[in-house]
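Each chain is listed here by its residues.
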Amino acid sequence: MTIAPDKPGTSTEDTPVPEGHVKLVIDGEEVIAPKGELLIRTAERLGTVIPRFCDHPLLDPAGACRQCLVEVEMGGRPMPKPQASCTMTVADGMVVKTQLTSAVADKAQQGVMELLLINHPLDCPICDKGGECPLQNQAMAHGRPESRFVDTKRTFPKPLPISSQVLLDRERCVLCQRCTRFSAQIAGDPFIELLERGAHQQIGTAETADVLGLAERTTVSDASSAEMLTSSGGEPFQSYFSGNVIQICPVGALTSAAYRFRSRPFDLVSAPSVCEHCSSGCAERTDFRRGKVMRKLAGDDPQVNEEWICDKGRFAFRYPQAADRLRRPQVRNRETGVLEEASWTDALRAAAEGLSKARDGKGVGVLAGGRLTVEDAYAYSKFARIALRTNDIDFRARAHSAEELAFLAAAVVGTTPETGVTFGEIERARTVLCVAFEPEDEAPIVFLRLRKAARKNRTRVVHLGQWTTSSVRKTFGELLACVPGGEAAAIDGIATHAADLDEALAGDGAVVLVGERAAEVPGLFSALHRLSERTGARLAWIPRRAGERGALEAGAAPTLLPGGRPVTDADARAEVENAWGVTIPSAEGRDTTGILQAASGQQLDGLLVGGVDPDDLPDPDLARRALDNAGFVVSLELRPSAVTERADVVLPIAPAVEKAGSYLNWEGRRREFDVTLEGTGALPDCRVLDTLAVEMDADLFTQTPAAAHADFSRLQSAVKATLRASDALKVALTASPQAGDGKAVLATWRQLIDNGSLQDDEPHLKGTQRKPVARLSAKTAEGLGKVVKVSTERGAITLPVEVADLPDGVVWLPGNSDGSAVRATLGAGHGAVVSITGGEQ
């Protein structure tokens, strides 16, 4: 809290100073501010902008640039020289004069600006930062009109690649240290550091130091960074968050390889948007020109992503511009068996005819996928019940289980930021337990909050997993190691084998974060339910895909109707039937695996598939057989896939940037966005399904996202979230998988930057992928050599060996990286038993 007078010239003399606050004077105005607040923040609250470069509200103070100098008096005595307002905290009786009222402060700021510009190049017309550059703006506002320096400016070879997507122009750098502080403090990836001292000081990496011959005389800011720099072995700046240093750089020294020289800020149109890549729902700003997205920047949302986004959210936006994108509907020619372009009218009629026939036969299953907006997911849910008259619908295009769905119905549906766990609660928590969840890979912004909580608030972060991953290290966490598939037993064993953790989880503010991988471990959700019941720790489910939380709420599930109403509950079902004016089947539907098994066995006559990749499913071969054996397949897709290859009708749909809608993030927070690229002619799923339903003599009232959300809201408002124990949450523990000779238990998850289809056409982003390796314990790796072959009866994956602290008899593989497509190649998942042998050298 900062208290200032209501009118200029008035006083706060009669205002009592609250406990923990101080009274000071800034530019002649009395101010009450909290103890420990930085002067620059107090001035900001008053509306006084002090120029700065190094200061950032989410970074620790550095006092590096000296641009924010102000005149300060303490106890009636002026300090001998101006002070940096970004490092000095307020004190009782302090008198501060900024550049607005002090000629001394104004002259000092002008002098600092003059020094910063001595070697800064005059390349504003070609600099990517030109037009939105703090240095430009502050040079105009606080600089001198003429320079006294006429000598030749210092130059460096340029650009210097920090990574495949971050380029450095060293002569532009003003050594503000924003990038180095972000890397070390926020992301925990201190590969970028200050090299040399004095006039030779510059930003670089260990690789840079080697190239420039500086490695032996490099000086870095702290011991931990020095250790990281010297031990990195010349590694590049490999971070999932490297794009943030581009955005916060105040002078254009760090630029994006994908954006460099491609546009100017005044060429661009900007629109607020929401990231479509994970369940965090980060606020973004999308800049576009002539119908093409040129870049994405982090939006400012303190409740969710603060001012950061991951590199996937920042750089993976070119997939809608892919050359193979589907622009027109396609219908399979019955005579030639080839997909041919058709008009929307003909394609919708063909789809309606085929689906109607299949519905009236053995029925149609709906695979909705996890990338949908809330409005699109609601349209799939409604289309299944009204047009297809079935509850055979599931959004889970991944490993899943009935136990998981029971848990979601009991503990997740209906939760909101007011009733559930939030980003803020994670930051304030005393203890956080991560179960079957790798935050840096699966929800990067959750990882940043965990790191912030551990670093700032000393939150105890415990990871139940297989090895000390980067998430464990960077959150200063503890590892509870277990064999894949043994997580349920480990959770039940906390009370007896980790009494201190059990006590911590019973304390105030304890949080348990569970990932979607838990669905592959029988009994784990039941064990988590028992843990929560016993300790009172709050549970939060964090899926990997952006649309899963909203699809759950919208009823795109075999056992749930919109708003989490159980299909088998007659009263709940009647509410939906009255709203929709139809009769809904009372029996629970099939889940994804059940639908695929039924279609494979010709027990279903049709499939409606929306954006599902068979290789993401637990059994890709089963999915392909189902597509081959289903009598009629309709695919709503953006680009060609294994589904469109087998579809009878393909209906193109709009990517996120070309439609409006909303995502429901893992907190249950609605993240609404509008159309960014207008006039493309692309249609959202909800409109395609609405028009298709009309062709089948049904009305969905989802012609627009706004209409779909309004219709959904009428159902949603009547629901109250309840936490109820279910028989499905009483799954008995199963024995942990055991590996015999020549065998190992598989641990796996997808890394953030991998071969996902939404990352296509991004070579710079792909260049920062983490190297795919097979991780084993030292004992398990004995005798295997430098390469290991992991195999099942379906296929084999061969990767270099890296020794890590996994339990013996366990092998970890990346889920979908180069040379390691686990589902597609092995047909196996987390907890499966695989064969391991030494690969070729």
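Residues numbered from 1 in each chain as written. Predicted model: local features only at pLDDT ≥ 70, side-chain atom pairs only at ≥ 80, totals over all residues. Heavy atoms only, no water.

(A) Region of the structure containing the sheet that holds strand S33 (residues 787-791). Taken together, six strands build a closed barrel; the order of strands is S31-S35-S32-S34-S33-S38 and the barrel is mixed. Averaged over all adjacent pairs, the angle separating strand axes in this sheet is 45 degrees, with direction ignored. Sheet analysis places strand S32 (residues 774-776) next to strand S35 (residues 810-814), joined by two bridges and oriented antiparallel. What sits directly across from Leu 776, in S35, is Val 811. (Pairing = 2+ DSSP bridges. Helix = DSSP H or I, 4+ residues; strand = E, 2+ residues; numbered from the N terminus. Axes fitted to C-alpha atoms, helices over the stretch in contact; angles between N-to-C directions.)

(B) View of empty space enclosed by the protein. Following the criterion strictly, the structure yields six cavities of 30 Å³ or more and no others. Lining the largest cavity are 14 residues, with Val 274, Glu 276, Lys 296, Ala 656 and Val 657 sitting closest to its centre. Here the lining of the largest cavity is built from residues that sort into nine nonpolar, two polar and three charged. (1 Å grid on protein atoms, 1.4 Å probe; cavity = no way out; pocket = protein on both sides within 12 Å on 5 of 7 lines; lining within 4 Å. Points joined across faces, edges and corners; volume = space filled by probe spheres on them. Nonpolar A, V, L, I, M, F, W, Y, C, P; charged D, E, K, R; others polar.)

(C) Seen up close, unusual backbone geometry. With an omega dihedral of -10 degrees, the bond running from Lys 158 to Pro 159 counts as a cis peptide bond. By secondary structure assignment, the location of Pro 159 is in the loop between helix H3 (134-142) and strand S7 (160-161). Residue Gln 602 is not a glycine yet carries a positive backbone phi of 60 degrees. By relative accessible area, which is 46% here, Gln 602 ends up partly exposed. Even without glycine at this site, Asp 761 takes up a positive phi of about 65 degrees. Locating Asp 761 in the fold gives a position in the loop between strand S31 (743-749) and helix H26 (763-766). (Buried < 20%, exposed > 50% of the residue type's maximum accessible area, 1.4 Å probe, protein only.)

(D) The arrangement of the packing of aromatic side chains in detail. In total, this model carries ten aromatic pairs according to the counting rule given. Measuring from centroid to centroid gives 5.2 Å for Tyr 378 and Phe 712, while their planes differ by 40 degrees, and the two rings are tilted. Placement of the pair is Tyr 378 in helix H10 (residues 374-386) and Phe 712 in helix H25 (residues 705-716), with a sequence separation of 334 residues. Using a relative accessible area of 1% as the deciding quantity, one classes Tyr 378 as buried. Ring plane angle 55 degrees and centroid distance 5.4 Å describe the contact between Trp 749 and Trp 812, whose orientation is recorded as tilted. (Phe/Tyr/Trp six-rings, centres within 6.5 Å; stacked < 30°, edge-to-face > 60°.)

(E) Local environment of the environment of Glu 695. With respect to the secondary-structure elements, Glu 695 resides in helix H24 (residues 685-695). Judged by relative accessible area, Glu 695 falls into the partly exposed class, the value being 35%. Measuring from C-alpha to C-alpha, the distance between Glu 695 and Pro 161 comes to 55 Å, with 534 residues separating the pair along the chain. Excluding residues within four positions of it along the chain, Glu 695 makes contact with Leu 348, Arg 349 and Ala 352. (Contact = heavy atoms within 4.5 Å.)

(F) A look at H10. In a regular helix each residue adds 1.5 Å, so 13 residues correspond to 18 Å; H10 covers 18 Å between its end C-alpha atoms and thus fits that length. The buried fraction of H10 amounts to 13 of the 13 residues, a majority that puts the element mostly inside the structure. (Expected span 1.5 Å × (residues − 1).)

(G) Fine view of the nonpolar core. Residues Phe 383 and Ile 491 are the most contacted members of the largest nonpolar core, which totals 97 residues. When residues of this core are assigned to their parent elements, the largest contribution, eight residues, is made by H10. Setting aside chain neighbours within four positions, we find Ile 491 in contact with Leu 433, Val 435, Leu 464, Leu 524, Ala 527, Leu 528 and Leu 531. Among the nonpolar cores identified, the runner-up in size contains 84 residues, and Cys 176, Val 304, Ile 445 and Leu 513 belong to it. (Core = buried A, V, L, I, M, F, W, Y, C linked by side-chain atoms within 4.5 Å.)

(H) A look at the packing of helix H9 (residues 344-360) against H24. Where H9 meets H24, the axes come as close as 9 Å, and the angle between the chain directions of the two elements is 65 degrees. For the pair H9 and H24, the sense of crossing is right-handed. Of the residues in H24, those in contact with Trp 344, Leu 348, Arg 349, Ala 351, Ala 352 and Leu 355 of H9 are Val 688, Thr 691, Leu 692 and Glu 695. Within the contact of H9 with H24, the residues separate by chemical class into seven nonpolar, one polar and two charged. (Left-handed = near helix turned anticlockwise from the far one by under 90°.)

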